[in-house]
Structure formats: C-alpha cells, structure tokens
Amino acid sequence: MSVQHLTSANFDTVIAGAQPVLVDFFATWCGPCKMLGQVLDELDKEQENFRIVKVDIDENPDLAARWQVSSVPSLFFIKDGEVKDSAVGFFPKPRLLQKMTEAVS
C-alpha cells in the first residue's frame, strides 16, 4: 500500500474507518515535511497496523483550518474516528513508531 493523499472529498470517510490512521498535514515547500515524508513512505511499506495518509494544506486549506493546523508537519493519530494523539514537527522513525504504538494501546 502507498501513502494516500486525501482531499476534502474523501477525508472524513478515510479517518472514520476501523483501522488506525496517521494523518500528516504537510506542504510541498516545507523541508521538515519532505524529510518526514520519506520516513512515512518507509513505515507504510513496513507495517500494516496504521493507514498512513497525507493532506496538502495548500490544496486543502479548509481541512487545515478545520483541524487547526498552524504549523507543518502536523501529525494526528486517529483510532475509531477519534484523535488519540497529535504532534508537530519532524520525528525520526523509531520515535514515530513509538507514538503510533502508544496511540492504539
């Protein structure tokens, strides 16, 4: 599975599913977002517990406003349609895996 890019049209449907979701709000001009994107691509290939998705804040400003995203990258860990944790900034892979595990336990 590859990291899916969400829009306003499909966002609510995807995050409401039973599978835990990691949402990355990012911008194409953001350096830390690009670094995190590489980590998320690796994680997406290595694990099946989380569905990893991305939202471009410039293409979906309504979602960024609704989720009160003021800095990128902004991460939301969602389980059963509820935000279990959130974080802002770049995280190395081991720390991101730890946060994902904590969010579903």
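Placed above this text is the structure.
This one's a predicted model, so the numbers in the text were calculated from it and none came from an experiment. (Residues numbered from 1 in each chain as written. Predicted model: local features only at pLDDT ≥ 70, side-chain atom pairs only at ≥ 80, totals over all residues. Heavy atoms only, no water.)

### Some points on the overall build of the protein chain
Test applied: Helix and strand labels come from DSSP, where a helix needs a run of H or I of at least four residues and a strand needs a run of E of at least two; each type is numbered from the N terminus. Relative accessibility under 20% of the residue-type maximum defines a buried residue, over 50% an exposed one, and the middle range a partly exposed one, all with a 1.4 Å probe and only protein chains included. Contacts were defined at the residue level, with two residues in contact if any of their heavy atoms lie within 4.5 Å. Reported accessibility uses the Shrake-Rupley method at a 1.4 Å probe radius. Residues are deemed covered only where the shown protein chains occlude them. Charge assignment in this entry is limited to Lys and Arg as positive and Asp and Glu as negative, and neither His nor the chain termini are counted. To locate a charge, take NZ of a lysine, CZ of an arginine, CG of an aspartate or CD of a glutamate.
Secondary structure assignment for the protein chain yields four helices and five strands. For the protein chain, the N- to C-terminal ordering of α and β elements is β-α-β-α-β-α-β-β-α. Each of the three principal axes of the protein chain carries a C-alpha extent, and together these read 30 × 30 × 25 Å. Within the span of the protein chain, comprising 105 residues, buried residues form 46% of the whole. Within the protein chain, residue pairs in contact and separated by at least 24 positions form 69% of the contacts whose partners lie at least 6 positions apart. Accessible surface, the protein chain as shown: approximately 5600 Å² in total, 52% of it carbon and sulfur. Here the protein chain contributes 10 positive and 15 negative side-chain charges, whose respective centroids are spaced 4 Å apart.

### Thoughts on unusual backbone geometry
Peptide bonds are mostly trans, and most non-glycine residues show a negative phi. With omega at -5°, the peptide bond leading from V72 into P73 counts as cis. Within the secondary structure, P73 sits in the loop between α3 (61–66) and β4 (74–79).

### So, helix α4 (residues 93–104)
Condition: Under the convention used throughout, the expected extent of a helix is 1.5 Å for every residue step, that is, one less than its residue count. Comment: arc refers to directions from the helix axis out to C-beta atoms.
With twelve residues, α4 ought to run about 16 Å at 1.5 Å a step, and its terminal C-alpha atoms sit 17 Å apart, in line with that. If you check which residues of α4 are buried, you get L96, K99, M100 and A103. The arc that holds every buried residue of α4, seen down its axis, measures 100°, which confines them to one face. With respect to the buried face of α4, the exposed residues turned more than 90 degrees away are P94 and T101. Packing partners of the buried residues in α4 comprise β2 (21–26), α2 (31–46), β3 (51–56), β4 and β5 (82–88).

### Observations regarding the pairing of β3
The side chains of a regular strand alternate, first on one face of the sheet and then on the other. Our working definition: At least two DSSP bridges between two strands are needed for those strands to be called paired.
Buried residues dominate β3, accounting for five of its six residues. Of the pairings in the sheet, the one linking strand β1 (residues 4–5) to β3 comprises two bridges and is parallel in character. Residue pairing for β3: Q4 is matched across the bridge by V53. Both β2 and β3 contribute to a ladder of six bridges, which runs parallel. What sits directly across from F25, in β3, is V55.

### What about the packing of aromatic side chains?
Here a ring pair, both rings aromatic, is described through the centre-centre distance and the interplanar angle of the planes. Note the following rule: Pairing of aromatic side chains here covers Phe, Tyr and the six-membered ring of Trp, requires ring centres within 6.5 Å, and sorts the geometry by plane angle: under 30 degrees stacked, over 60 edge-to-face, intermediate tilted. Two limits define a charge over a ring: the Lys NZ or Arg CZ must be within 6 Å of the ring centre, and within 35 degrees of the ring normal.
With the rule as written, the count across this model stands at six aromatic pairs. Where F25 meets W67, the ring centres are 6.2 Å apart and the plane angle is 35°; that geometry is what we call tilted. Taken as a pair, F25 in strand β2 and W67 in the loop between α3 and β4 lie far apart in primary sequence, 42 residues in all. The residues F25 and W67 share a single accessibility class, namely buried. Centre to centre, the rings of F25 and F76 are 5.6 Å apart; their planes meet at 85°, and the pair counts as edge-to-face. Within this pair, whereas F25 is found in strand β2, its partner F76 is found in strand β4, the two being separated by 51 residues in sequence. On the accessibility criterion, F25 (0% relative accessible area) is buried. One cation-aromatic arrangement involves K54 over F26; the distance from NZ or CZ to the ring centre is 4.4 Å.

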